[in-house]
Each structure stands twice: as C-alpha cells, then as structure tokens.
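# Descriptive analysis of the structure
This is what each chain is made of:
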Amino acid sequence: MILEAFAEYLHAADPKARATDVLSQWLWERLNAKPASNVDRVLHCEMSICAGKRLRAVTSDESPLLYSKSSDDQAYGFKGTSDSGKRLLKSLYEYCCSYEQQKWARWVHRLKASDFNGGPPGGY
C-alpha cells in the first residue's frame with residue numbers, strides 16, 4: 001500500500017530526478033501535512049523527520065536514515081521510529097535503488113555499437 005503510493009508519485013516525478021531525492025520530497029510532504037489517508041497515518045506513526053547541520057547517511061540495518069541537504073546548509077533526514085518503520089524506510093530506499101538500476105539498464109539497452117565509433121574525443 002505504501003510502496004504503491006510512492007511508486008505512483010515516483011512515476012509522475014521528473015524522470016531526470018534521482019529516485020532518492022524524490023523519496024525525500026515525498027516523505028517530507030507526507031510528514032509535514034495532516035494525515036489524510038491510511039498511508040499518511042502509517043508514515044506518521046512509523047517515521048520521523050530529523051534536522052541538523054551534521055546529519056550523515058547511516059545505512060546499517062540497526063538505524064537506517066535517509067537524508068537530504070537543503071539550500072541553506074541545513075540537513076534533514078528521515079528515520080524509522082520503530083523496527084517496522086526502519087524496515088519500511090529501508091524497503092523504500094531499496095525500491096529507489098532498484099528503480100535507478102532499471103533506468104540505467106534501459107539507457108544501456110538503447111545504445112548501439114555505432115554510438116562508440118570514432119574513439120574518444122581528441123583521438124587515442
């Protein structure tokens with residue numbers, strides 16, 4: 001249910017944007033608004049927003065943290081407030097990674113051998 005809601009949001013987003021940036025934006029919008037759906041209610045219960053100047057990404061299974069940096073050098077992040085929230089955040093992050101790999105694979109698949117003729121710029 002939550003992954004499906006994010007997937008719809010991701011597919012409607014700018015295709016040039018990184019999936020993790022889109023996830024950060026989606027979580028920010030959902031967690032800063034009043035819960036309007038079951039998805040929002042679950043997110044409000046299972047995740048929280050962290051803010052500070054020295055946030056860093058933690059990718060361990062113990063406490064996953066997704067972060068983003070805003071323009072005023074203030075960082076914000078999202079963390080699971082329970083074990084299920086941590087698993088949810090990790091699943092959303094892994095979905096983003098998978099989505100990026102799929103975009104890369106499509107790009108590579110569209111390339112032709114002739115795209116590489118001529119050698120590097122400036123010759124060998």
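Residues numbered from 1 in each chain as written. Predicted model: local features only at pLDDT ≥ 70, side-chain atom pairs only at ≥ 80, totals over all residues. Heavy atoms only, no water.

### What to know about the confidence of the model for the protein chain
When pLDDT is averaged along the protein chain, the result is 80, and 73% of the positions lie at 70 or above. The weakest mean pLDDT in the protein chain belongs to strand 2 (residues 65-69) at 55; the strongest belongs to helix 3 (residues 38-46) at 94. For the stretch residues 58-64, pLDDT sits under 50, and the model shows 11 contacts to residues farther than four places along the chain or on other chains. (pLDDT = per-residue confidence, 0-100. Helix = DSSP H or I, 4+ residues; strand = E, 2+ residues; numbered from the N terminus. Contact = heavy atoms within 4.5 Å.)

### A word on a nonpolar patch on the surface
Together, W104, W107, V108 and L111 give the surface a local cluster of nonpolar side chains, amounting to about 400 Å² of exposed area. By secondary structure assignment, the location of W104 is in helix 4 (residues 83-110). (Patch = residues over 30% accessible without salt bridge, like charges linked within 9 Å, V, L, I, M, F, W, Y side chains within 5 Å. Areas by Shrake-Rupley, 256 points an atom, 1.4 Å probe, with all protein chains shown as cover. Salt bridge = Lys/Arg side-chain N within 4 Å of Asp/Glu carboxyl O.)

### As for the packing of helix 1 (residues 2-12) against helix 2 (residues 19-31)
At their nearest, the axes of helix 1 and helix 2 sit 10 Å apart, and the two run at 115 degrees to each other. Considering how the two elements wind past one another, helix 1 and helix 2 form a crossing that is right-handed. Along the contact surface, helix 1 presents I2, A5, F6, Y9 and L10, while helix 2 presents A19, V22, L23, Q25, W26, E29 and R30. A class-by-class count of the residues in the contact of helix 1 with helix 2 yields 9 nonpolar, 1 polar and 2 charged. (Axes fitted to C-alpha atoms, helices over the stretch in contact; angles between N-to-C directions. Left-handed = near helix turned anticlockwise from the far one by under 90°. Nonpolar A, V, L, I, M, F, W, Y, C, P; charged D, E, K, R; others polar.)

### Here's the deal with helix 3
Those residues of helix 3 lying buried are V39, D40, L43 and E46. An end-on view of helix 3 places all buried positions within 145 degrees of arc, on one side of the element. (Buried < 20%, exposed > 50% of the residue type's maximum accessible area, 1.4 Å probe, protein only. Arc of directions from axis to C-beta.)

### A closer look at the packing of aromatic side chains
Counted by the stated rule, this structure contains 3 aromatic pairs. Between F6 and W26 the ring centres are 5.3 Å apart and the planes differ by 55 degrees, which places this aromatic pair in the tilted class. In this pair, F6 sits in helix 1 while W26 sits in helix 2, placing the two residues 20 residues apart along the sequence. Take F6 and W26: they sit in the same class, and that class is buried. Looking at F6, the relative accessible area reads 0%, which means it is buried. Among the aromatic residues, those joined into a cluster by ring pairs are F6, W26 and Y95. (Phe/Tyr/Trp six-rings, centres within 6.5 Å; stacked < 30°, edge-to-face > 60°.)

### Some thoughts on the side chain of D40
Mapping D40 onto the fold places it in helix 3. Of note is the side chain of D40, whose polar atom sits 2.5 Å from the side chain of R30. A distance of 3.1 Å separates a polar atom in the side chain of D40 from the backbone nitrogen of A36. Beyond its immediate chain neighbours, meaning those up to four positions away, D40 contacts R30, K34 and P35. (Polar contact = N/O pair within 3.5 Å; in protein donor to acceptor, adjacent residues only side chain to side chain.)

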